[in-house]
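Structural characterization, general
So you can see what is in the structure, the chains are spelled out below.
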Protein chains: 2
Amino acid sequence: MGDYWCELAWLGGASAISAVLIREAGGLITDVQRGVPCSPDATRLSGLTLPGLANGHSHAFHRALRGRTQVGTGSFWTWREQMYALAATLQPDTYFELARAVYGEMALAGITVVGEFHYLHHDVNGTPYAHPNAMSEALVAAAREVGIRITLLDTCYLHGGFGQPPNEVQQRFSDGDGEAWASRVSSFHVDGRTARVGAALHSVRAVDPRSTGIVAEWAAQHDVPLHAHVSEQSAENQQCIDMYGMTPTLLLHEHGVLSERFTSVHATHLSGVDIGLYGANGCTICMCPTTERDLADGIGPARSLRQAGAELSLGTDSHAVIDLFEEARAVELNERLATNTRGHHDATSLLQAATVNGHRSLGWGQAGTLEVGKVADFVSVRLDTVRTAGASEGTALESAVFAASAADVHHLVVDGKVIVRDGAHRSIDVASELTRTIALVAGRP
Amino acid sequence: MGDYWCELAWLGGASAISAVLIREAGGLITDVQRGVPCSPDATRLSGLTLPGLANGHSHAFHRALRGRTQVGTGSFWTWREQMYALAATLQPDTYFELARAVYGEMALAGITVVGEFHYLHHDVNGTPYAHPNAMSEALVAAAREVGIRITLLDTCYLHGGFGQPPNEVQQRFSDGDGEAWASRVSSFHVDGRTARVGAALHSVRAVDPRSTGIVAEWAAQHDVPLHAHVSEQSAENQQCIDMYGMTPTLLLHEHGVLSERFTSVHATHLSGVDIGLYGANGCTICMCPTTERDLADGIGPARSLRQAGAELSLGTDSHAVIDLFEEARAVELNERLATNTRGHHDATSLLQAATVNGHRSLGWGQAGTLEVGKVADFVSVRLDTVRTAGASEGTALESAVFAASAADVHHLVVDGKVIVRDGAHRSIDVASELTRTIALVAGRP
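Please read these numbers as outputs of a predicted model, since none were measured by experiment.

Attention now moves to the packing of aromatic side chains. Within this structure, the stated rule accounts for 16 aromatic pairs over all chains. With 5.3 Å between their ring centres and 75 degrees between their planes, Trp181 of chain A and Trp218 of chain A make a pair best called edge-to-face. Of this pair, Trp181 of chain A sits in helix H4 (residues 178-186) while Trp218 of chain A sits in helix H5 (residues 209-222), and the two are 37 residues apart along the sequence. Residue Trp181 of chain A shares its accessibility class with Trp218 of chain A, and that shared class is buried. Measuring from ring centre to ring centre gives 5.0 Å for Tyr4 of chain B and Phe378 of chain B, while their planes differ by 80 degrees; the resulting arrangement is edge-to-face. Placement of Tyr4 of chain B in strand E1 (residues 2-9) and of Phe378 of chain B in strand E13 (residues 378-381) is noted, with a sequence separation of 374 residues between them. Residue classification places Phe378 of chain B among the buried positions, given a relative accessible area of 1%. Among the aromatic residues, those joined into a cluster by ring pairs are Tyr84, Tyr119, Tyr157 and Phe173 of chain A. Positioned over the ring face of Trp364 of chain B is Arg196 of chain B, at 3.9 Å from the centre of the ring.

Rendered as structure tokens:
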């Protein structure tokens, strides 16, 4: 139980509200009062307080590659070679340690829930672990130790490309077929309070249409989120059209994937029909702009998707950067680069993508807004650092979205518990753990 | 006199060197030794030490607009209205205070020299100050108090558009004609050790061809840098072609502007001929990617320019962000977005843009590298923060360019003096000064 008094808070409107008291009990928000003085019993949160940020798309182990994949020249595919070399070395114990550090970095960046798009299921050569969900358990345990929520998006990954068997590394990813994937996932159980399970299709390259239907049906039966990488690269589109005579989005639609439960990750290279289908089916599009620029994917049609009726969420994906403010502003700024005009997505819509939309996409409908009855997850951002200084009350949301960075996060509460205080995680030395665990899995400097 | 021992230092090669001793006396580097142990007398610099960063293009007062110009929708021209409203209020005393805070933010970001593209010369309605260079003096004094170098690029700004008189605000910018500009600038003197004067043309819109020739000749006679905004927006190109039958770059070339002394700022929308001319004349192109994305200018042809023989430098321009690491990586990352391929500019070439090229463009040929005889200007970047943790010795340059932020700068030395220690400016509370001075000039929150 606790009272938090916010200098400024975003309660969902077009600008921030000053002097807001948030009361919490049992992990839920029990009261929100505006324009009240700070009481001596309340924890005073300076700057701007937002609902917890949702990281809609993560591959935790990619964090170990940050910086190291930027040497010389290279393509998406040479990057993938380095990523696979790393994937070949991880085990449940080492992945737990790495993920704990990476989720710690997320907590420091104001992230209260992560969607872990997880396909590193089996031991090397594809041998199942004695506990078939040992890797999933490691990731859920890592999030629990850090104190953030997780949706473990258990990802079906069967093929090395359209009609191709998995390669040596990819054997770790494959359950063999959709039924075996569903059987394994059905045996994985989590607490439900701070961890949930969702389903994912790696891509139309890695999951055949029959198995796609099985995964989609499993997600519908269990009423859980369903995610898939879609059209990140033009090559995938062309191969899909060559194989099936339709775009990846159309193929997924034909096999029952598109619904309000579905999140299309990246969705960078879309046809007009694809965009219309996402809008009409109420899908979410999870954009990962800092990864999409790192991997030279391109700029997705964010504005058109929103106009068609789709919702946006945001993910840090490869963790080239872990900063949802940078992801949020990049949606608008990339659209400026693509069109030479400003003003496609305002600060409010970008904050919605970073909070309520991301939570809903990950199956947390009771999170992502500062309202009575919602979970007590929130983050405070300093407006008095060199980056944010000069923010005015009327433009605090714009300053947060367009000027703040993860380094400006100073307080994080998840499920009513203080996880980050004054910019430091309360139980983990995150930077040291990142250094130690990355040396462990990717080699010492 | 001082000894600095660097855990890692960039001495100009393709990777960082470990255990480097830099000795300084009288503001110059007197010795550089590799692979030596840290002596008890030396200041130990952890992480990666780089030559001081050069901010090639600044309009200091724009910092007061950060965040505030992002409300709703708007174009480059609506942004310019807000910028002009601010420009109308500044006076030498208030601009000194604001600039001191902004240059303080630059120091904290590792910037040791700023190129201030300055055209706010006169009092409201264009009345000259009693001291005609009072505004220039305020800016030079601000840099001196902060402890960084400045090149005051005194900017000729005569017209409100092709063939148009200056509007009400622009009267403050105009000297009337090129001769009057040259006369005023010739009466402005600085110490030369940490402050220098250069010349600038606002743009082909704001300076007619005859005055352009006068400014170019003045710069040549005084052997100082010459800068100009060029082709930031397509509209400028079209108007120039309509008026003169040639692109802005060709027009400048015809009036004696293009040389090794010349820096073309932005140069976003260029023809093949323009690119060839910049290359053949050994010009520098100062890219300001975070401003160019903020203002929806577009992505300039950085790779083609380098291939043609031009050099790149970097500027924070409107100060939507003050972070030269972000500017540096954006050159590569924007080119990835524009081409869907990776690997156009490696970390070394981007660091050269941020250091030696920027210094040369601003008239500091004896700065920008860690070599004996060069000025003792350097910056240390932490490689053990949540952003940079996991950097390896072999990829430290890549981690700095692609993962570090201004928040990772911990030590800054300029002219042999410690300016920033452990991430704090030694004499100015920069964040507080930003808050105070922005409220002063742009209104309280």
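Residues and elements named next belong to chain A. Under the 1.5 Å per step criterion, the end-to-end length of helix H14 (residues 430-442) is 17 Å for 13 residues, consistent within 8% with the ideal 18 Å. For H14, the full list of buried residues reads Val430, Ala431, Glu433, Leu434, Thr437, Ile438, Ala439 and Val441. If you follow the buried residues of H14, they end up packed against helix H1 (76-87), helix H2 (92-108) and strand E16 (424-425). Gly443, located one to two residues past H14, shows a positive phi value of around 100 degrees.

Two side chains carrying opposite charge are able to pair once their charged atoms lie near each other. Under the defined criterion, the tally for this structure stands at 50 salt bridges over all chains. One salt bridge in this structure joins Glu326 of chain A and Arg293 of chain B, with 3.3 Å as the shortest N-O distance. In this pair, Glu326 of chain A sits in helix H11 (residues 324-339) while Arg293 of chain B sits in helix H9 (residues 289-294), so the two residues belong to two different chains. This pair shows no difference in class: Glu326 of chain A is buried, exactly as Arg293 of chain B is. Where Glu236 of chain B meets Arg205 of chain B, a salt bridge forms, and the shortest distance between an N and an O atom there is 3.1 Å. Highlighted residues: Glu236 of chain B in helix H6 (residues 234-244) and Arg205 of chain B in the loop between strand E8 (195-201) and helix H5 (209-222), separated in sequence by 31 residues. Comparing Glu236 of chain B with Arg205 of chain B, the two get one shared label, buried. Within this structure, Glu97, Arg100, Glu145, Glu433 and Arg436 of chain A form a network of salt bridges that share partners.

The next point concerns the pairing of strand E1 (residues 2-9) of chain A. Residue and element names in this part refer to chain A. Where burial is concerned, most of E1 is hidden: seven out of the eight residues are buried. In this sheet, strand E2 (residues 17-25) lies alongside E1 in antiparallel orientation, the contact comprising seven bridges. Across the sheet, the residue bridging to Gly2 is Glu24, located in E2. Bridge count between E1 and strand E4 (residues 43-51): five bridges; the pairing is parallel. Paired with Tyr4 across the strands is Thr43, a residue of E4.

What follows concerns the interface of chain A and chain B. At the junction of the two partners, chain A supplies 57 residues and chain B supplies 57 residues. When chain A packs against chain B, the two sides together hide about 4,600 Å² of surface, and 55% of this comes from carbon and sulfur. It is Arg293, Leu337 and Arg342 of chain A that lose the most area in chain A upon contact with chain B, and together they represent 19% of the buried surface on that side. At the surface where chain A touches chain B, the tally comes to six salt bridges. For Asp294 of chain A, the salt bridge identified is with Arg342 of chain B, shortest N-O distance 3.0 Å. Applying the counting criterion to the chain A and chain B interface returns 24 residue pairs in polar contact (both at pLDDT 80 or more). For the side of chain A that touches chain B, the elements supplying multiple residues, two or more each, are H1, H2, helix H9 (289-294), H11, helix H13 (396-403) and H14 of chain A. Per element, the largest residue contribution to the side of chain A that touches chain B is six residues, and it comes from H11 of chain A. Counted by class, the side of chain A that touches chain B contains 21 nonpolar, 20 polar and 16 charged residues.

A word on the relation of the copies chain A and chain B. Mapping chain A onto chain B leaves a residual RMSD of 0.0 Å; the transformation is a rotation of 180 degrees accompanied by 0.0 Å of translation along its axis. Such a combination of turn and shift is consistent with a two-fold rotation axis. In terms of C-alpha distance to the rotation axis, chain A has Ala407 of chain A as its closest residue, with the C-alpha 3.7 Å off the axis.

Residues and elements named next belong to chain B. If you check helix H11 (residues 324-339), its first and last C-alpha atoms are 23 Å apart, about what 16 residues at 1.5 Å a residue would give, namely 22 Å. Along H11, the largest kink reaches about 35 degrees and is centred on Ala330. In terms of residue burial, H11 counts as a mostly covered element, since 14 of its 16 residues are buried. With a side-chain oxygen lying 3.0 Å from the backbone nitrogen of Phe325, the N-terminal cap of H11 falls on Asp323.

With that out of the way, let us pick up the domain arrangement of chain A. All names here are of chain A. For chain A, the domain assignment lists domain 1 (2-50 + 368-430) and domain 2 (53-361). Each of domain 1 and domain 2 has a C-alpha centre, and the two are 28 Å apart. Every contact between the two is made by 35 residues of domain 1 and, on the other side, 34 residues of domain 2. Roughly 2,600 Å² is buried in total at the junction of domain 1 and domain 2, and carbon and sulfur atoms are behind 68% of that figure. Considering only the side of domain 1, the residues that lose the most area to domain 2 are Val401, Phe402 and Val430, jointly responsible for 23% of the buried surface there. Across the domain 1-domain 2 interface, the total number found is three salt bridges.

This part covers the side chain of Thr385 of chain B. By the secondary structure assignment, Thr385 of chain B is in the loop between E13 and helix H13 (396-403). For Thr385 of chain B, the side chain forms a polar contact with the side chain of Thr388 of chain B, separated by 3.0 Å. Contacts of Thr385 of chain B, omitting those with residues within four sequence positions, involve Ala431 of chain A together with Asp408 of chain B.

On to the environment of Trp10 of chain B, then. All names here are of chain B. Residue placement: Trp10 occurs in the loop between E1 and strand E2 (17-25). Sequence-distant contacts of Trp10, defined by excluding residues within four places in its chain, comprise Ser15, Leu48, Thr49, Leu50, Pro51, Thr348, Leu351, Gln352, Thr355, Leu370 and Leu397. Among the polar contacts listed, one links the side chain of Trp10 to the backbone oxygen of Gly13, at a separation of 2.8 Å.

The next subject is the sheet that holds E1 of chain B. All names here are of chain B. Spatial ordering of the open sheet is given by E3-E2-E1-E4-E13-E14-E15-E16, a layout of eight strands whose pairing is mixed. Bordering the open sheet on either side are strand E3 (28-34) and strand E16 (424-425), each of which pairs with just one other strand. Pairing geometry for strand E4 (residues 43-51) and E13, over four bridges, is antiparallel. Each bridged residue has a counterpart across the sheet, and for Pro51 the counterpart in E13 is Phe378.

Criteria and cut-off values
As a convention, each chain's residues are numbered from 1 in the sequence order in which they are written. Each chain gets a letter, beginning with A, and each ligand a number, beginning with 1, in the order they are written. Only residues with pLDDT of 70 or above have their local features reported here, since the model is predicted, and side-chain atom pairs are shown and tallied only from 80 upward, although totals for entire chains, interfaces and linings are computed over all residues. Side-chain descriptors were evaluated using all non-hydrogen atoms of the structure, hydrogens and water having been removed beforehand. Stacked, edge-to-face and tilted are the three classes for Phe, Tyr and Trp ring pairs, Trp counted by its six-membered ring, which pair at centre distances within 6.5 Å; planes under 30 degrees apart are stacked, over 60 edge-to-face, the rest tilted. Where helices and strands are cited, they refer to DSSP runs of H or I of at least four residues and of E of at least two residues respectively, numbered from the N terminus. With a 1.4 Å probe rolled over the protein chains alone, any residue whose accessible area is under 20% of its type maximum counts as buried; one over 50% counts as exposed, and the rest are partly exposed. A positively charged side chain is recorded as over a ring if its NZ (Lys) or CZ (Arg) lies within 6 Å of the ring centre. The angle to the ring normal must also be within 35 degrees. A helix's residues, less one, multiplied by 1.5 Å, set its expected span. By the convention used here, residues are in contact when the closest approach between their heavy atoms is within 4.5 Å. Salt-bridge detection follows one rule: a side-chain nitrogen of Lys or Arg within 4 Å of a carboxyl oxygen of Asp or Glu. A strand pair is defined by DSSP finding two or more bridges across the two strands. We define buried area as the total accessible area lost by two parts upon association, computed with a 1.4 Å probe and summed across both. We define a polar contact as two N or O atoms separated by no more than 3.5 Å, with the added condition that, inside protein, one atom must be a possible hydrogen donor and the other a possible acceptor, whereas residues neighbouring each other in sequence contribute only through side-chain atom pairs. Any residue that is not Ala, Val, Leu, Ile, Met, Phe, Trp, Tyr, Cys, Pro, Asp, Glu, Lys or Arg is counted as polar, Gly included; the first ten are nonpolar and the last four charged. Superposition of the copies used a least-squares fit over C-alpha atoms from residues whose pLDDT is at least 70 in both. Fitting one axis to the seven residues ending at a residue and another to the seven starting there, the bend at that residue is the angle between the two axes. All domain edges in this entry derive from an automatic or database-based domain assignment.

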